[in-house]
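Examining the three-dimensional arrangement
What follows is each chain in one-letter form.
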Amino acid sequence: MFRNRTEAGYLLAGELLKYKGEPLVVMAIPRGGLPLGAVVAETLNAPLDVALTKKIGHPFNREYAIGAVSRNQIVLSKPEGISQEFVDSETLRLRKKLEERHRMFHRKKNPVPLKGKQVVIIDDGIATGNTLRVTIALIAAESPEKIIVAIPVAPPGAVERIKAMEEVDEVICLETPRNFRAVGQFYEDFAPVTDEEALAIFEREPLREDPIR
């Protein structure tokens, strides 16, 4: 059980200290991943950026992810009975939202180039891993030197699926409980992070274009 996202961020930062001084970029999945990502970026003296993705929810249960999209990638595990028309319309709708978020987060800072960098992807936890998988595909397309996934909690099966991805070099997961129902059950404080809070966290520290020269 973690007290809150900040504590989870410090615990992850401790596991990532070996990367301090490397050409590192911390990519947080907003909104919940930003409090952790900010702690890790500050601890490792690395720039912080956001990885923008959205899950595609089942038409009868929007909390159940059948896939996820970024601005230019899609990962889908479509159950039977879900029409292609639904997937296409949801993809279009979600990508419009992602474009809005891209403009919001990068109103003052340009995205950090990832080519040749060691990239740490951070979220506050994963359930199915679909959103994380599309995030990994998005980042791998930018040719980083290494991709490290760092999360506080996830079910064992989801962690194994992420480890099996050829784009991923290392997975750090602090807890892999078998009685996993939802990420929030492992936090004492799991209050939603608002857009305003996420933006304030993101803009708090200067975004260094290249931490290592």
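Residues numbered from 1 in each chain as written. Predicted model: local features only at pLDDT ≥ 70, side-chain atom pairs only at ≥ 80, totals over all residues. Heavy atoms only, no water.

**As for the nonpolar core**
The test is simple: Only buried residues count toward a nonpolar core, which is a set of Ala, Val, Leu, Ile, Met, Phe, Trp, Tyr and Cys residues joined through side-chain atoms within 4.5 Å. Throughout this description, buried means an accessible area under 20% of the type-specific maximum (1.4 Å probe, protein chains only), exposed means over 50%, and partly exposed covers the range between. Runs of E in the DSSP output that reach at least two residues are strands. Runs of H or I that reach at least four are helices, and both are numbered from the N terminus.
Counting 43 residues, the largest nonpolar core has Leu16, Leu34, Val40, Leu48, Phe105 and Ile122 as the members making the most contacts within it. With 6 residues, helix 2 (residues 34–44) is the largest single contributor of residues to this core. In this structure, Val25, Ile139, Val171 and Cys173 belong to the second largest nonpolar core, which totals 23 residues.

**Some thoughts on the pattern of salt bridges**
Rules: Throughout this description, the term salt bridge denotes a Lys or Arg side-chain nitrogen within 4 Å of a carboxyl oxygen of Asp or Glu.
Counted by the stated rule, this structure contains 10 salt bridges. With a shortest N-O distance of 2.9 Å, Arg62 and Glu90 are connected by a salt bridge. With Arg62 in strand 4 (residues 61–69) and Glu90 in helix 3 (residues 84–105), this residue pair connects regions lying 28 residues apart in the sequence. Arg62 sits in the partly exposed class, given a relative accessible area of 42%. With a closest N to O distance of 3.8 Å, Glu203 and Lys108 form a salt bridge. Residue Glu203 is located in helix 6 (residues 195–204), and its partner Lys108 is located in the loop between helix 3 and strand 6 (118–122); the two are separated by 95 residues in the primary sequence. By relative accessible area, Lys108 is classed as exposed at 63%.

**Considerations on the pairing of strand 6**
A regular strand places its side chains on the two faces of the sheet in alternate fashion. Test applied: Two strands pair under a simple rule: DSSP has to find at least two bridges between them. We call a crossover right-handed when, viewed with the strands running away from us, the connection from the first strand over the helix to the second turns clockwise.
Counting buried positions over the 5 residues of strand 6 gives 5, a clear majority of the element. Of the two faces of strand 6, both are covered, the one formed by Gln118, Val120 and Ile122 as well as the one formed by Val119 and Ile121. Pairing of strand 1 (residues 24–28) with strand 6, which is carried by 5 bridges, proceeds in the parallel orientation. Following the sheet pairing, Leu24 is matched in strand 6 by Gln118. Where strand 6 and strand 7 (residues 146–153) come together, 5 bridges link them in parallel fashion. Each residue of the ladder has a partner; that of Gln118, found in strand 7, is Lys146. A crossover links strand 6 with its parallel partner strand 7, the connecting element being helix 4 (residues 130–140), and its sense is right-handed.

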